[in-house]
Amino acid sequence: MSGQERLSAFPLESFRDVLAANGEFSAAFKGSALTGSAAKGLAIVTCMDSRISPLALVGMQSGDAKILRNAGARVTEDVLRTLVLATYLLGVNRILVMPHTDCRMAQSEEADIHATISQEFGVDTRSLEFRTVSDQRKALTTDVTRIRSYPLLRKGVTVGGAIYNVTTGALEPLDC
Ligand SMILES: [Zn+2]
């Protein structure tokens with residue numbers, strides 16, 4: 001019957017495990033007095049890589065930090081938009097840009113990723129810029145500088161860059 005389901009219906013089959021796990025989570029949920037402000041004043045800009053647990057790797061938990069994620073941990077217009085809001089309104093006074101080792105975005109050229117998708121799926125994605133990285137350290141310096149020099153960012157906010165090692169769990173701070 002799934003083919004007969006209204007397109008607007010929630011796709012239950014695809015999310016059954018997600019909802020079941022949430023049922024357990026919410027049953028054990030202790031409630032929360034937290035606000036939407038970052039209690040530890042931290043924002044982390046990192047990659048969508050599923051091996052990264054941003055809060056855990058810096059010893060924090062819900063309520064402590066803002067987490068911004070995208071492919072490659074790149075500082076895009078939308079990241080800047082979010083950081084402006086976070087620094088003025090949501091308690092953020094330090095920002096860590098955190099790409100990681102073994103990142104797919106740092107292993108391929110822009111053109112190669114377009115070619116791969118085109119060959120495997122027949123879709124031309126070249127109207128998108130994936131923002132691949134050929135030199136991860138240089139890109140990190142560029143991204144950190146981009147935030148530091150952004151004129152709308154709240155004054156006094158500290159910005160740092162570090163690479164997360166997905167094999168060891170260690171952060172390597174970088175002079176940017
Ligand atoms: Zn990545």
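Right above here is the structure, for reference.
Keep in mind the model is a prediction, meaning the values are calculated, not measured. (Residues numbered from 1 in each chain as written. Predicted model: local features only at pLDDT ≥ 70, side-chain atom pairs only at ≥ 80, totals over all residues. Heavy atoms only, no water.)

Novice: Give me the overall build of the protein: which residues, what numbers.
Specialist: Within the protein, the regular secondary structure consists of 5 helices and 5 strands. Taken from the N to the C terminus, the helices and strands of the protein come in the order α-β-α-β-α-β-α-α-β-β. Buried positions account for 32% of the 176 residues belonging to the protein. A fraction of 67% describes how many contacts in the protein between residues 6 or more apart in sequence connect residues 24 or more apart. (Helix = DSSP H or I, 4+ residues; strand = E, 2+ residues; numbered from the N terminus. Buried < 20%, exposed > 50% of the residue type's maximum accessible area, 1.4 Å probe, protein only. Contact = heavy atoms within 4.5 Å.)

Novice: Got a sec to walk through the coordination of the zinc ion? Specific residues and values, please.
Specialist: Bound to the zinc ion are the protein donor atoms Cys 47 (SG), His 100 (NE2) and Cys 103 (SG), situated 2.0 to 2.3 Å from the metal. One chain supplies every donor for the zinc ion, spaced along it as C-x52-H-x2-C. Here His 100 lies in the loop between β3 (94-98) and α4 (110-121) and Cys 47 lies in strand β1 (residues 42-47), a separation of 53 residues in the sequence. Assessed through its relative accessible area of 4%, Cys 47 is described here as buried. (Donors = N, O, S within 2.8 Å, 3.2 Å for Na, K, Ca; no water.)

Novice: With reference to specific residues and values, describe the packing of aromatic side chains.
Specialist: Overall, the coordinates contain 2 aromatic pairs when judged by the stated rule. Look at Phe 10 and Phe 15: their rings are 5.4 Å apart centre to centre, the planes differ by 45°, and that puts the pair in the tilted class. Overall, the relative accessible area of 48% leaves Phe 10 in the partly exposed class. A residue is classified by how much of its surface remains accessible, and Phe 15, at 35% relative accessible area, is partly exposed. Pairing Phe 25 with Phe 29 gives two aromatic rings, centres 5.4 Å apart and planes at 45°, and the pair type is tilted. (Phe/Tyr/Trp six-rings, centres within 6.5 Å; stacked < 30°, edge-to-face > 60°.)

Novice: Quick rundown of the sheet that holds β3? Include the residues and the values.
Specialist: Within the open sheet, the 5 strands sit side by side as β2-β1-β3-β4-β5. Their pairing is mixed. Whereas interior strands pair on both sides, the edge strands pair on one side only; in this sheet they are β2 (65-70) and β5 (171-174). Here the average twist between neighbouring strands, direction ignored, is 25°. Here β3 pairs with strand β4 (residues 158-164) via 4 bridges, running parallel. Each residue of the ladder has a partner; that of Leu 96, found in β4, is Gly 160. Where helix α3 (residues 77-89) meets the sheet, its contacts fall on β1, β2 and β3, and the angle it forms with β2 comes to roughly 175°. (Pairing = 2+ DSSP bridges. Axes fitted to C-alpha atoms, helices over the stretch in contact; angles between N-to-C directions.)

Novice: If you had to explain the pairing of β4 to someone new, which residues and values would you point to?
Specialist: Within β4, 5 of the 7 residues are buried, which leaves the element mostly enclosed by the surrounding structure. Across 4 bridges, β4 lies against β5 in antiparallel orientation. What sits directly across from Tyr 164, in β5, is Leu 171. Here β4 hands over to β5 after 6 residues, with Gly 169 in that stretch at a positive phi of 85°.

Novice: Outline α3, supporting the account with residue identities and numerical values.
Specialist: Here α3 is 13 residues long and its end C-alpha atoms lie 18 Å apart, about the 18 Å a rise of 1.5 Å per residue gives. When we look at burial in α3, the residues that qualify are Val 79, Leu 80, Leu 83, Val 84, Ala 86 and Thr 87. Where the residues of α3 are buried, they touch β1, β2, β3 and α5 (136-148). Trailing α3 by a residue or two, Gly 91 shows a phi angle of about 80°, which is positive. (Expected span 1.5 Å × (residues − 1).)

Novice: How would you summarise the pattern of salt bridges if you had to cite specific residues and measurements?
Specialist: Under the defined criterion, the tally for this structure stands at 9 salt bridges. The shortest N-O distance in the salt bridge between Arg 81 and Asp 78 comes to 2.7 Å. With Arg 81 and Asp 78 both in helix α3, this residue pair falls 3 residues apart, about one helical turn. Relative accessible area serves as the criterion here: at 48%, Arg 81 is assigned to the partly exposed category. The partner of Arg 137 in a salt bridge is Glu 172, and the shortest N-O contact between them spans 3.0 Å. Separated by 35 residues along the polypeptide, Arg 137 in helix α5 and Glu 172 in strand β5 bring together distant segments of the chain. By relative accessible area, Arg 137 is classed as partly exposed at 40%. The exposure class of Glu 172 is partly exposed, given its relative accessible area of 35%. A single salt-bridge network, built from bridges that share partners, covers Asp 49, Arg 51 and Asp 102. (Salt bridge = Lys/Arg side-chain N within 4 Å of Asp/Glu carboxyl O.)

Taken by themselves, the reported measurements are silent on function.
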